[in-house]
Amino acid sequence: MMKRIFGVMMCAAIGLSAQAQRMNIIPKPMEIIEKTGEFVIKPSTVVYADAAFREVAGLFSEETGIPVSAKSRQHNAIAIVKAMKGGILDSNTYALSIHENYIEIQASGRAGALYGMQTLRQLMATQPDGNKIPAVTIVDRPRFAYRGMHLDVSRNFFPLSFVKKFIDLMALYKMNTFHWHLTDGAGWRLEIKKYPALTQQAAWRTHGAWTDWQANGRRYLQEGSPNAYGGYYTQQEAKDIVAYAARRGITVIPEIEMPGHSEEVLAVYPHLSCSGLPYKNSEFCLGNDSTFTFLEDVLDEVREIFPSTYIHIGGDEADKKAWKTCPKCQQRIRTEKLKDEEELQSYAVRRMERYLVGHGRKLLGWDEILEGGLAPEATVMSWRGEKGGITAATEGHDVIMTPGGYVYFDSYQADPATEPQAIGGFLPLSKVYSYEPVPAELDATKAKHVLGAQANLWTEYMPTTYQVEYMTFPRMLALAEVVWSPKESRNWDDFKVRLQQHYRLLQKNR
Ligand code: ACM
């Protein structure tokens, strides 16, 4: 303990500028003790790991080209080792020591070992000479358990190779949850064996550009038709993404939208809408039991692909108008003794929650799931500001903060006159960096319900992977520091200095 306190003081004494030249780690680690000297990576350098971390060493080797050695050694090696008993207890913590003749990452769990490895990769990638790594001791762990990035693949479809690249970059910055927005009005993107029309038609639209499709009647075509734009992931491909992410310490949470944002489903299965007609409603008919059969069938297959505790059911922006005049919905309101259409939505969310909890999962939804009363165990993503999050945490529910004003990466990041078209808003890097996920209104007990924060990438105006990257970086790096680093260590000027080397790193990854 004494040593650590001393270490922090030492670090402060070395000062910002020296640190900036050598230690460009994002998110900023909890404790950094700089030393003199450096470790030099040579062709003979190897990586060695204790049995528990062999697979982490394998990943490090793939990323860096440094070969794995089966034999333990302390000279000219990078060792990833299990922390001694009574040392590091928390599985997310790591200690990284860089000495002149060896490097050691200590952790008690796989997550910690992975984070230590990512810090080392960053140190290598942000030095003037990537083979010379400055001597240092770092002890580090995350502030929040949930550090998320969302990606909408409905408004525009992106290939698996890009999804993997996105996950790689998330991992490099220690983000640990990928929220995959797989379904929405502009296209269904996941193979569901029981309902083939979802991917044979609802995944293919008449116009490639989302704006053109919006302006031309929002229609779908059979897969393979001339001009059909779209795509989907097979179940095997989605499983590959889950495994790819898990190997990098990232959980994939799938989102299957209901009861709104579901035009594409109702175009191909119109009997699930209040009108019974395609291209008329965006919301499922909640008076019709077939709706729940369909949703549960879909989630049966989704559960097989995604082992995440959470399944996201959307829940946002449902237009409740059709329910008001639908005899089946009105009948449901009467038989279930519901007050109104808000409570009808809540009925549907509760029913889905019962299904998910019955299968050992948890329900996650946008903050509209508060309307009409929150399902008993639901977790809320607060996107319309922080109000929903504050209400949910006050009621004892877990919350993930994704407020539009701070973490909607579809907003402009500079003067719109100088930028590619975006949806609106204004979210420069400094504003992302200024975000504090725990609202001042919450006392310490309630603040514990704030699991973390997430940035959302709605892709209406991101037709290419290039544009997704442009909107994501460097803003994701600011968020990474918000959700990982100790609150009191955050410093915009210091972040900006460290960021300079990361521009180079990201450009190399293009
Ligand atoms: C949302 O942005 N509609 C959750």
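Draft legend 1. Focus on the overall build of the protein. Of the regular secondary structure elements, the protein holds 19 helices and 20 strands. Along the three orthogonal principal directions, the C-alpha set of the protein runs to about 75 × 55 × 50 Å. Within the protein, contacts between residues at least 6 apart in sequence are counted, and of these 69% link residues at least 24 apart. Taken as a whole, the protein presents about 20,300 Å² of accessible surface, with 53% of it coming from carbon and sulfur. Here the protein carries 58 positive and 59 negative side-chain charges, and the mean point of each set is 4 Å from the other.

Draft legend 2. Main features of the packing of helix α9 (residues 289-305) against helix α12 (residues 341-358). As a packed pair, α9 and α12 sit with axes 11 Å apart at the nearest point and diverge in direction by 40 degrees. Overall, the two elements α9 and α12 adopt an arrangement that is oblique. Our pair here, α9 against α12, has a crossing hand that is right-handed. Along the contact surface, α9 presents D289, F292, L295, E296, L299, D300 and R303, while α12 presents Y347, A348, R351, M352, Y355 and L356. Among the residues making up the contact of α9 with α12, the classes are represented as 8 nonpolar, no polar and 5 charged.

Draft legend 3. Broad picture of the nonpolar core. Core analysis: the largest hydrophobic core is formed by 110 residues, its most contacted members being M149, F178, W180, F294, F306 and L479. The element best represented in this core is helix α4 (residues 160-172), accounting for 9 residues. Beyond its immediate chain neighbours, meaning those up to four positions away, F178 contacts M149, L151, V163, F166, I167, M170, I250, T251, V252 and I253.

Draft legend 4. Summary view of the packing of aromatic side chains. Per the stated rule, a full pass over the model turns up 24 aromatic pairs. An angle of 50 degrees between the planes, with centres 5.8 Å apart, marks the rings of F158 and F162 as tilted. Overall, F158 belongs to the buried group, its relative accessible area being 1%. For F162, a relative accessible area of 5% translates into the label buried. Ring geometry for F178 and W180: centres 5.7 Å apart, planes at 40 degrees, overall tilted. Each of the two residues, F178 as well as W180, counts as buried. Taken together, the aromatic side chains of F157, F158, F162, F166, F178, W180, Y233 and F306 make up a single cluster linked through ring pairs. Looking at R219, its charged tip hangs above the ring of Y279, at a distance of 3.9 Å from the centre. Looking at K431, its charged tip hangs above the ring of Y406, at a distance of 4.9 Å from the centre.

Draft legend 5. Molecular detail of the state of the cysteines. Counted under the stated rule, the structure contains 0 disulfides. Note on C285: no disulfide assigned, nearest cysteine sulfur contributed by C326 at a separation of 3.8 Å.

Draft legend 6. Geometry of the sheet that holds strand β14 (residues 310-314). Sheet architecture is closed into a barrel: 8 strands sit in the order β7-β8-β13-β14-β15-β16-β17-β20, paired in parallel fashion. Taking the axes of each pair of neighbouring strands and ignoring which way they run, one obtains an average angle of 30 degrees across the sheet. Alignment of strand β16 (residues 379-382) against strand β17 (residues 399-401), held across 3 bridges, turns out to be parallel. Paired with M381 across the strands is I400, a residue of β17. In the packing of α4 onto the sheet, the strands contacted are β7 (146-152) and β8 (177-181), and the crossing angle to β8 comes to about 150 degrees. The strands that helix α18 (residues 475-484) touches are β7 and β20 (450-455); relative to β7, the one it contacts most, it runs at about 150 degrees.

Draft legend 7. Seen up close, the packing of helix α2 (residues 54-64) against helix α3 (residues 110-125). Across the interface, α2 lies against α3 with an axial gap of 10 Å and an inter-helix angle of 20 degrees. In terms of orientation, α2 lies roughly parallel with respect to α3. The handedness of the crossing between α2 and α3 is right-handed. Here α2 contributes E55, V56, L59, F60, E63 and T64 to the contact with α3, which in turn contributes R110, A113, L114, M117, L120, R121 and M124. A breakdown of the residues in the contact of α2 with α3 according to their chemical character gives 8 nonpolar, 1 polar and 4 charged.

Draft legend 8. Expanded view of the pairing of strand β6 (residues 132-140). In terms of burial, β6 is a largely internal element, 8 of the 9 residues being buried. Two elements, strand β4 (residues 94-98) and β6, share 5 bridges in a ladder whose sense is antiparallel. Considered in β6, the bridge of L96 is made with I138.

Draft legend 9. Structural context of helix α13 (residues 387-394). Buried residues of α13: G388, G389, I390, A392 and A393, and no others. Buried residues belonging to α13 abut β16, β17 and α16 (444-447). After α13 finishes, the residue G396 shows a positive phi value of roughly 90 degrees.

Draft legend 10. Representation of the confidence of the model for the protein within the structure. On average, residues of the protein score 94 in pLDDT, and 96% of them are at 70 or above. Per-element confidence in the protein ranges from a low mean pLDDT of 41 for helix α1 (residues 2-22) to a high of 99 for β8. Note that residues 1-20 has pLDDT below 50 and, in this model, 15 contacts with residues that lie over four places away or in other chains.

Cut-offs and rules
- Residues numbered from 1 in each chain as written.
- Predicted model: local features only at pLDDT ≥ 70, side-chain atom pairs only at ≥ 80, totals over all residues.
- Heavy atoms only, no water.
- Helix = DSSP H or I, 4+ residues; strand = E, 2+ residues; numbered from the N terminus.
- Contact = heavy atoms within 4.5 Å.
- Areas by Shrake-Rupley, 256 points an atom, 1.4 Å probe, with all protein chains shown as cover.
- Lys, Arg positive; Asp, Glu negative; His and termini not counted.
- Charge placed at Lys NZ, Arg CZ, Asp CG, Glu CD.
- Axes fitted to C-alpha atoms, helices over the stretch in contact; angles between N-to-C directions.
- Parallel < 35°, antiparallel > 145°, perpendicular 65-115°, else oblique.
- Left-handed = near helix turned anticlockwise from the far one by under 90°.
- Nonpolar A, V, L, I, M, F, W, Y, C, P; charged D, E, K, R; others polar.
- Core = buried A, V, L, I, M, F, W, Y, C linked by side-chain atoms within 4.5 Å.
- Buried < 20%, exposed > 50% of the residue type's maximum accessible area, 1.4 Å probe, protein only.
- Phe/Tyr/Trp six-rings, centres within 6.5 Å; stacked < 30°, edge-to-face > 60°.
- Lys NZ or Arg CZ within 6 Å of the ring centre and 35° of its normal.
- Disulfide = S-S within 2.5 Å.
- Pairing = 2+ DSSP bridges.
- pLDDT = per-residue confidence, 0-100.

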